[in-house]
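Single-letter residue listing:
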Amino acid sequence: MIENTGKHLEIDFTDRDFEELIWEYDLANGVVSFNQGWQKRLGYLTEEIKPTIDNWKNLIHPDDRERTIKSLTDFFEGRSKKYEAIYRMKASDGSDVWVLSLGRALRTDKSGKILKVGGIQRLISDIETVELDLRERKKELEFFFAFSKLIDDCGDSIEEICAGLTELLPKAFFDTEHTGVEIVYRDGVYSSKNLLKDSRLIRKPLKRGAEKIGSISVYYSGYRDVRFLSEEDKVISSVAERLGKIAIRIENSKALKKSEELFRVTLASVGDAVLAMDAFGIVTFVNDTACKMLGLEMQKILGQQVNSVMHIFNELTGEPAEIPIDLVLSSGKKVGLANHTCLKSRNGKIYFIADAASPIVMKNGEIAGVVMNFRDVTSEKERERRMLESEEKFRHLIENMIGGMIILYSDNGGKTFKIRDIKSGISGLHFDRESLEGKDIVEVLPAISSTPLLAAIESVWESGKPISLDPIYYDDGVLKGWLENYIYRLPFGDVATLNYDVTERKELEEFQRISHSKLVELSNSVASGNFDIQSFMEKAVETVGRILKVDRAGIYMLNENNEFDIRLLYEASTGKISSNAGRAMDQKLAEKYLNHITGRRVLSIENVLGENIDDPFILSLIDVHVYGILDIPLNIKGEVVGSLYCDMRRPRNWSYEEISFAASVGDILTMAFEENRLVKSEIRYRNMFEASSAMMVLIDPDSGRIVDSNPVACNFYGYGREEMKQHYISHIGLGDLEMMRDLKNGRSRRFTTRHLLTGGEVRDLEIFVGPVEIDEKILLNCIVNDITDRVNAENKVRETMVELERSLKDTVLLISKIVEARDPYTAGHQSNVSRLAGEIAEKMRLDKKRVQWVKTAGMLHDIGKVSIPAEILSKPGKLNELEWSLIKNHPLLGREILSEVHLGGPISEIVLQHHEKINGSGYPNGLKGDEILLEARIIAVADVIEAMSSHRPYRASRGLEEAIREIEMNSGKLYDPAVVKTCIKILESGFDLSGK
């Protein structure tokens, strides 16, 4: 039906059975009608559809009803130029059907007011339904994206965030124009512009835990029939929750900043790396150590997510490791990283780290963030990596080490320690290792509890830090002696104690201390006011006997008949001294004895049986069962008057310190023999001073001036007596004034020095200094010994050692020449490899010892080829399989040849491994990576460079450039990258392979 109203054309299709869903709405009478196609598609009968606007509203889904009615109303009242709505309608079977409804005006009055509208509805497919949902989600995402940008732009200003949100949030709602927002936070209120409050509102609280800190209220002031959608309610809840968390973060951040300066100063000075972050993982503090390890500047770390600036991984698996922020926040406890954790710096450097993360707890108990401290333990890991690689090598080391070792483990958390392996470091003491395995260390070494060693073991087991202990004295009745201990934790957790028997050293130190003290004491006794020659001799003899621990000690005196009498005798067996013990030697024997001691300072015989037994004096010693002697001639004015003697009933190796001590006592005795009564005046002392065969100098400790010197000293220094008195101690090498003033207070000292005599000769001196009192004035008595001959002898020994080392190098060169003589085409090959490999080792900063290993191994790396027929070595054509297998066997043959030769390092192992490759493709054992000694990796590269750039019978020289390309191309595959890099630098700097 068509109706012409004069201005509009009206068409009525509602009584037609079109496939389209057609509808009409007459505003004048409120009638809404649908065509038969609409009824058919939704499954309704005509009588089931009431033609009223209310019936149409009831068919619309409740969640879509208000929005759809508003769209239609806006069209009627001219606020919208067209009517278009998407909503759900209820079908007759109860299901919801999405429809797209389009409408236009069918009839208007002359003023343009719409009187009747009509249009079509189209069922929306599943895809279109999804698109519709996506459109709604997009709108929400756009809002949340804008919300996130607002947060980023405002930083830590909660006020700016609240203000911005009041303008942003309405855009997330269906009717933005009539939607307003009010946010209350603490004491602040923030509202949308032109906010109209209405009874239609949604209000959500802002919370900090259980505490309410504000709210978000959204008001709708539009059409009365319109209500908030459930989705909009969810959006508000989400915004309120997020805004609450943001407020908490900002409040916590501000609280943290109040103490930030103290926090920053404290943590910036900590040696470990420190990184602090808030509850969201945002970095709020980082110290210089952490910046260095992370490889980033501070401003590039602060404000970033910790996971974006700190990359850690498991050393063993290479998998990323988790930074335990969430675990700390949830548990509120300190959490450490697992073992084998590595940090990869932005500059590519890898650090092994030990790490702990702890919560930052506010006064109210709330966790505001996490602080991480970590330290670089790369050097510790490197030390662990260098520990013994196998049980066989480890045991070999234990068996052949000079000192002792105990390997301990604990199966109860460090409360007690049991033995895993043990080796004695004390000469003559051996342990049954198998029977002691698993036993408590305190049971095996009961006295250990009374020494610092047990506490050190416990400390190392817990901390992993090695400890070096000063020597301790151990005595459990069976095992006794001084032990120097070094305690380490092994990579697998056991604790190793290395112990060295330093008993001889400690006894020597104690001997030096006591002997020096006794010498000073004897020297002072000579100059004391109540000096008595008999008492002094007894004291001197007993001192020598006890300190040197000899069987007998005494004094022989030459009588008027040129016979030797025993003036004093000390017997160690009784500990007593007897006087005038009888005749020691008749005239003939005395003459032989004088021949032995005249012109000598000391007569020492370690084993009488090793001397000339036809000598009457030697025979006399054997007759009385004396097999070791140490005799000191006593000279007065150049004549022998007696001797201080020491006898042993068994051979005795006299040490230099023992001989020096006995000789010094003899010198003091010589001084004392000038007097036979108390020395009460300076004259008496000076007589002894003058008569001494030892160099003696008296010094004023206040000025350092020489007060006097005996003739022996004057003769030695080349000055007259009065000239000597014009000099000071600095002129004759007797120390400095400050030291002398210190000795004035009763101290004494022994030291060595070097002095240039007046004739230009340099002499080495040993000086004993002690205070003496003369005329109530404290002077210093210096006894000067010329030890130049001893020092020269020591230097000669050192020169001999250098010569031995030179001989070893010549031997290695000779062996290398022998190898190359069998293959004339490789002449000079080993020498060139040795030079290039040695240069690489030095540039890689290996220590001198390891550089020498490299050079020696380079000279001998092809020594195994001596066992290969010369025809194969110089064969011009391709080798067959058998010939090649013989060639490949030369590293093993080389190792066998060198294994029995001591060359001062692991030379045989380096030779064995010099054809191994990084990827395991080498021979003879297919070792990989760090399984190959660094020295062998260096020689492998040098060998390739030299071989490829040299002529061979089976090929021409490939040249240095191709050799460099070979190692560059296979760096990290066949050859060590660090070695390759260093080698190329050396070659590019002009290194001459030929050595010309």
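None of the values given here were measured: they were computed from a predicted structure.

### Focus on the packing of aromatic side chains
Using the criterion set out here, one finds 13 aromatic pairs in the structure. Between the aromatic rings of Tyr556 and Tyr593, the centroid separation amounts to 5.9 Å while the plane-to-plane angle is 90°, which identifies the pairing as edge-to-face. Taken together, the positions of Tyr556 in strand β24 (residues 552–558) and Tyr593 in helix α18 (residues 587–597) put the pair 37 residues apart, joining distant regions of the chain. Given the relative accessible area of 11%, Tyr556 is considered buried. Plain terms: the ring middles of Tyr593 and Phe617 are 5.0 Å apart, the flat faces sit at 40° to each other, and that makes the pair tilted. Here the residue Tyr593 occupies a position in helix α18, and Phe617 occupies one in helix α19 (residues 616–623), the gap between them amounting to 24 residues. Judged on exposure class, the residue Tyr593 and its partner Phe617 are both buried. Following the ring pairs from residue to residue traces out a cluster consisting of Tyr556, Phe564, Tyr593, Phe617 and Tyr645.

### Topic: the sheet that holds strand β5 (residues 83–90)
Taken in spatial order, the five strands of this open sheet run β4-β3-β7-β6-β5, and their pairing is antiparallel. Two strands bound the open sheet, and with one partner strand each, they are β4 (31–34) and β5. Taking each pair of neighbouring strands and ignoring which way they run, the sheet shows an average axis angle of 25°. Alignment of β5 against strand β6 (residues 96–108), held across eight bridges, turns out to be antiparallel.

### So, the pattern of salt bridges
Side-chain pairs of opposite charge can arise where the charged atoms are in close proximity. A full pass over the atoms with the stated rule returns 44 salt bridges. Among the salt bridges present, the one from Glu510 reaches Arg513, with a minimum N-O distance of 2.5 Å. Separated by three residues within a single helix, Glu510 and Arg513 lie in helix α16 (residues 503–526), roughly one turn from each other. By relative accessible area, Glu510 is classed as partly exposed at 34%. Connected via shared salt-bridge partners are Arg186, Arg208, Glu211, Glu251 and Glu366.

### Notes on the environment of Glu434
By the element assignment, Glu434 lies in helix α13 (residues 433–436). Among the residues examined, Glu434 registers a relative accessible area of 71% and is labelled exposed. For Glu434 and Asp421, which are 13 residues apart along the polypeptide, the C-alpha to C-alpha distance reads 8.1 Å.

### Some words on unusual backbone geometry
The peptide bond linking Tyr923 to Pro924 adopts the cis configuration, its omega dihedral lying at 10°. Counting through the fold element by element, Pro924 comes out in the loop between α31 (907–913) and α32 (934–948). The phi dihedral of His625 is positive, around 60°, even though this residue is not glycine. Even without a glycine there, the phi angle at Arg845 is positive, about 65°. Within the secondary structure, Arg845 is located in the loop between α26 (829–843) and α27 (848–860). On the accessibility criterion, Arg845 (78% relative accessible area) is exposed.

### A look at the environment of Leu100
Turning to its location among the elements, Leu100 is positioned in strand β6. Taking relative accessible area as the criterion, Leu100 reaches 15% and is therefore assigned buried. Between the alpha carbons of Leu100 and Glu84 there is a distance of 7.4 Å; along the sequence they are 16 residues apart. Every residue in contact with Leu100, bar those within four places of it in the chain, is listed here: Glu84, Ala85, Ile86, Ile120, Gln121, Arg122 and Ile124.

### Regarding the pairing of strand β3 (residues 21–26)
Extensive coverage of β3 is indicated by the burial of six of its six residues. With four bridges joining them, β3 and β4 adopt antiparallel strand pairing. By the bridge assignment, Asp26 is partnered in β4 with Val31. Between β3 and β4, which pair antiparallel in sequence order, lie four residues; one of them, Gly30, sits at a positive phi of approximately 75°.

### Some points on the nonpolar core
Ranked by internal contacts, the top residues of the largest apolar core, which has 47 residues, are Leu548, Ile555, Val665, Leu669 and Phe673. One finds Ala837, Leu934, Ala936 and Leu993 within the second-largest nonpolar core, a separate group that totals 41 residues.

### Quick notes on the packing of helix α33 (residues 959–969) against helix α34 (residues 977–988)
At their nearest, the axes of α33 and α34 sit 10 Å apart, and the two run at 160° to each other. When the axes of α33 and α34 are compared, the pair comes out roughly antiparallel. The handedness of the crossing between α33 and α34 is left-handed. Contacts between α33 and α34 involve Leu960, Ile964, Ile967 and Glu968 from the former and Val980, Cys983, Ile984 and Leu987 from the latter. Across the contact of α33 with α34, the residue classes break down as seven nonpolar, no polar and one charged.

### A closer look at the confidence of the model for the protein
In this model, the protein carries a mean pLDDT of 81, and residues with pLDDT of at least 70 account for 85%. Here strand β1 (residues 2–4) stands out as the least confident element of the protein, with mean pLDDT 36; α34 is the most confident, with 94. Counting contacts from residues 677–681, a segment whose pLDDT is below 50, to residues more than four positions away or on other chains yields 15 contacts.

### Quick look at helix α17 (residues 533–548)
Since the α-helix advances by 3.6 residues per turn, residues separated by three or four positions end up pointing in the same direction. When the terminal C-alpha atoms of α17 are compared, their 22 Å separation across 16 residues agrees well with the 22 Å that a helix rising 1.5 Å per residue should span. Buried within α17 are the following residues: Ile533, Phe536, Met537, Ala540, Val541, Thr543, Val544, Gly545, Ile547 and Leu548. On the buried face of α17, the contacting elements are α16, β24, β25 (564–571), β28 (628–636), β29 (639–648) and α20 (656–672). The first or second residue beyond α17 is Lys549, which carries a positive phi of 55°.

### Some words on the sheet that holds strand β22 (residues 480–489)
Within a sheet, each strand pairs with its neighbour through backbone hydrogen bonds, oriented either parallel or antiparallel. Taken in spatial order, the five strands make up an open sheet running β20-β19-β23-β22-β21, and their pairing is antiparallel. In this open sheet, the two strands that pair with only one neighbour each are β20 (418–423) and β21 (467–475). Direction aside, the axes of adjacent strands within the sheet are offset by 25° on average. In this sheet, strand β23 (residues 495–501) lies alongside strand β19 (residues 404–409) in antiparallel orientation, the contact comprising five bridges. The residue of β23 that forms the bridge with Met405 is Leu498. Lying over the sheet, helix α15 (residues 452–463) contacts β19, β21, β22 and β23, oriented at roughly 5° with respect to β22. Helix-sheet contacts for α16 involve β21, β22 and β23, and the interaxial angle to β22 is about 125°.

Definitions and cut-offs
Residues numbered from 1 in each chain as written. Predicted model: local features only at pLDDT ≥ 70, side-chain atom pairs only at ≥ 80, totals over all residues. Heavy atoms only, no water. Phe/Tyr/Trp six-rings, centres within 6.5 Å; stacked < 30°, edge-to-face > 60°. Helix = DSSP H or I, 4+ residues; strand = E, 2+ residues; numbered from the N terminus. Buried < 20%, exposed > 50% of the residue type's maximum accessible area, 1.4 Å probe, protein only. Pairing = 2+ DSSP bridges. Axes fitted to C-alpha atoms, helices over the stretch in contact; angles between N-to-C directions. Salt bridge = Lys/Arg side-chain N within 4 Å of Asp/Glu carboxyl O. Contact = heavy atoms within 4.5 Å. Core = buried A, V, L, I, M, F, W, Y, C linked by side-chain atoms within 4.5 Å. Parallel < 35°, antiparallel > 145°, perpendicular 65-115°, else oblique. Left-handed = near helix turned anticlockwise from the far one by under 90°. Nonpolar A, V, L, I, M, F, W, Y, C, P; charged D, E, K, R; others polar. pLDDT = per-residue confidence, 0-100. Expected span 1.5 Å × (residues − 1).

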